[in-house]
Amino acid sequence: MIEKLVGVIGWPVSHSLSPAMHNRAFRECGFSDWRYVALPVENAQVKNAVHGLRALGFVGANVTVPHKETVLPHLDRVSDDARLIKAVNTIAIEKDGALVGHNTDVIGLIADFTEHKIDLKNHRALILGAGGSARAVVHALMRMGCADITIMNRTKNKADDIAAEIVAIREDVKFRTASLNLGSDDPIAGYKIIINTTSLGMGDARGEMPWNSSLAFTKDQIVYDLIYNPEQTLLLRHAVLCGARAINGLGMLVHQGAASFEIWTGKKAPVEAMREAAVLGLS
Ligand code: ATR
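Residues numbered from 1 in each chain as written. Predicted model: local features only at pLDDT ≥ 70, side-chain atom pairs only at ≥ 80, totals over all residues. Heavy atoms only, no water.

Remarks on the overall build of the protein
At step 1: The number of helices and strands found in the protein is 9 helices and 12 strands.
At step 2: A compact globule built from 283 residues should have a C-alpha radius of gyration of about 19 Å, and the protein, at 19 Å, falls within 12% of that.
At step 3: By principal-axis analysis of the C-alpha atoms, the protein measures approximately 60 × 40 × 35 Å.
At step 4: Burial status across the protein gives 53% buried among its 283 residues. (Helix = DSSP H or I, 4+ residues; strand = E, 2+ residues; numbered from the N terminus. Rg over C-alpha atoms; globule rule 2.2 N^0.38 Å. Buried < 20%, exposed > 50% of the residue type's maximum accessible area, 1.4 Å probe, protein only.)

Concerning the site of the ligand
At step 1: Close to the ligand lie 13 residues; Ser133, Asn153, Arg154, Thr155 and Lys158 are nearest.
At step 2: A distance of 2.4 Å separates an oxygen atom of the ligand from a polar atom in the side chain of Thr155.
At step 3: At 3.5 Å from an oxygen atom of the ligand is found a main-chain nitrogen or oxygen belonging to Ser199.
At step 4: Considering the ligand on its own, with 640 Å² of exposed area, one finds that the protein chains cover 68% of that surface. (Near = heavy atom within 4 Å. Polar contact = N/O pair within 3.5 Å; in protein donor to acceptor, adjacent residues only side chain to side chain. Areas by Shrake-Rupley, 256 points an atom, 1.4 Å probe, with all protein chains shown as cover.)

Some remarks on the nonpolar core
At step 1: Formed by 35 residues in total, the largest nonpolar core has its most connected members in Phe113, Leu141, Ile149, Phe175, Ile193 and Tyr224.
At step 2: Looking at this core element by element, the count peaks at 7 residues for helix 5 (residues 132–143).
At step 3: Not counting residues up to four positions away in its chain, the partners in contact with Phe113 are Ile118, Leu120, Leu141, Met144, Ile193, Ile195 and Tyr224.
At step 4: Of all hydrophobic cores here, the second largest spans 22 residues; its members include Val6, Met21, Phe31 and Met274. (Core = buried A, V, L, I, M, F, W, Y, C linked by side-chain atoms within 4.5 Å. Contact = heavy atoms within 4.5 Å.)

What about the pattern of salt bridges?
At step 1: The full count for this structure, using the stated rule, is 16 salt bridges.
At step 2: Residues Glu94 and Arg77 are paired through a salt bridge, measuring 2.7 Å at the closest nitrogen-oxygen approach. With Glu94 in the loop between strand 5 (90–93) and strand 6 (99–102) and Arg77 in strand 4 (residues 77–78), this residue pair connects regions lying 17 residues apart in the sequence.
At step 3: Overall, Glu94 belongs to the partly exposed group, its relative accessible area being 35%.
At step 4: For Arg77, a relative accessible area of 41% corresponds to the partly exposed category. (Salt bridge = Lys/Arg side-chain N within 4 Å of Asp/Glu carboxyl O.)

Observations regarding the sheet that holds strand 10 (residues 193–196)
Pairing between the strands of a sheet is mediated by backbone hydrogen bonds and can be parallel or antiparallel.
At step 1: In space, the 6 strands of this open sheet follow the order 9-8-7-10-11-12, with parallel pairing throughout. Both outer strands of the open sheet, strand 9 (174–179) and strand 12 (245–247), are each paired with one neighbouring strand and no more. On average, each strand axis in the sheet is tilted by 15° relative to the strand beside it, whichever way the strands run.
At step 2: Where strand 11 (residues 222–225) and strand 12 come together, 3 bridges link them in parallel fashion. Counted as the bridge partner of Val223 is Ala246 from strand 12.
At step 3: Sitting on the sheet, helix 4 (residues 105–115) is in contact with strand 10, strand 11 and strand 12, with an inclination near 145° to strand 11.
At step 4: Along the sheet, helix 6 (residues 156–167) contacts strand 8 (148–153) and strand 9; its crossing angle with strand 9, the most-contacted strand, is approximately 170°. (Pairing = 2+ DSSP bridges. Axes fitted to C-alpha atoms, helices over the stretch in contact; angles between N-to-C directions.)

A closer look at the pairing of strand 6
The two faces of a sheet get side chains in turn, since along a regular strand they alternate between them.
At step 1: Of the two faces of strand 6, the one lined by Leu99 and Gly101 and the one lined by Val100 and His102 are each fully buried.
At step 2: Examined bridge by bridge, strand 5 and strand 6 share 4 bridges and lie antiparallel to one another. Bridge pairing in strand 6 links Ile93 to Leu99.
At step 3: Linking strand 5 back to strand 6 in an antiparallel pair, the connection comprises 5 residues, with Gly97 at a positive phi of about 90°.

Overview of helix 5
At step 1: For helix 5, with 12 residues, the first-to-last C-alpha span of 18 Å sits near the 16 Å given by 1.5 Å per residue.
At step 2: In terms of residue burial, helix 5 counts as a mostly covered element, since 9 of its 12 residues are buried.
At step 3: Among the residues of helix 5, Ala134, Arg135, Ala136, Val137, Val138, His139, Ala140, Leu141 and Met142 are the ones counted as buried.
At step 4: Looking one or two places after helix 5, you find Gly145, whose phi comes out positive at around 95°. (Expected span 1.5 Å × (residues − 1).)

Description of the side chain of Lys192
At step 1: Relative to the helices and strands, Lys192 resides in the loop between strand 9 and strand 10.
At step 2: Put simply, Lys192 is tucked away with no salt bridge, and the nearest opposite charge, on Asp119, sits 5.3 Å away.
At step 3: Residues in contact with Lys192, not counting those within four places in the same chain, are Asp119, Leu120, His123, Arg124, Asp220, Gln221 and Ile222. (Lys, Arg positive; Asp, Glu negative; His and termini not counted.)

Brief notes about helix 9 (residues 271–282)
Note: α-helices contain 3.6 residues per turn, so residues at a spacing of three or four share the same orientation.
At step 1: For helix 9, spanning 12 residues, the distance from its first C-alpha to its last is 17 Å, which sits close to the expected 16 Å at 1.5 Å a residue.
At step 2: Every buried residue of helix 9 is accounted for by Val271, Ala273, Met274, Arg275, Ala277 and Ala278.

Given below as structure tokens:
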């Protein structure tokens, strides 16, 4: 008998790896009465869908594109991270029915950096893109001790908005912004890590990259792409050819999912089983 329901709200959600990852985690932990389902929800139905979770007795949910930001006003409370990042990727429905929004992207990314033994203390970072996930990346980098962050975006004023928000709360971190059209004379050598948060490299933009291919990465640089499908974007391929360290976003996906699992169940997530399920789901 299924008594504990969890789901993912998004549009579209049919390609989401979360159902496979979480159902595997429930099995691994012997939670035979838990089930995770995909819940396709159109924009106009976000409020009804969120309130429906409570009505239907759900334990929790994930929230994905394009509802991570629009879900916020329909929740009873949000965590500090969700407020900072202005986006919710996890909802917990508490015993009294309160809908509580969380954001596990920051801790998910930090967990993956830590797993890859990436030390960013007092280093410089370059973020490509200034959408919803860039904000989570900025906070993760700052918590890892990054002292100097540059954000490049096609629409520069969105990068400026994120920088202004951070500068207001963290005077000690140096911020620069620029538009995303790298010239061959751009000084990129000083960045320890370059992180792609744009959608260039996946879906219809699979054949593109947010980088000028005449700019070579150096061997001591790390190129991290939040995209995990394809496994190796053109940007990561370029990084590998340059001899740099290339890492895709699968680890972040797994760790943000693990953190969501822990919020709902109060138990330690079986990270390796979740990773296995995600990899299987990609194949
Ligand atoms: P997410 O929540 O995944 O960050 P998003 O908020 O829609 O998604 O952000 C998408 C990012 O990809 C943005 O930085 C966007 O740039 P703009 O702010 O200029 O729109 C970037 N992006 C999407 N398509 C792009 C393209 N063709 N060229 C360059 N950047 C692109």
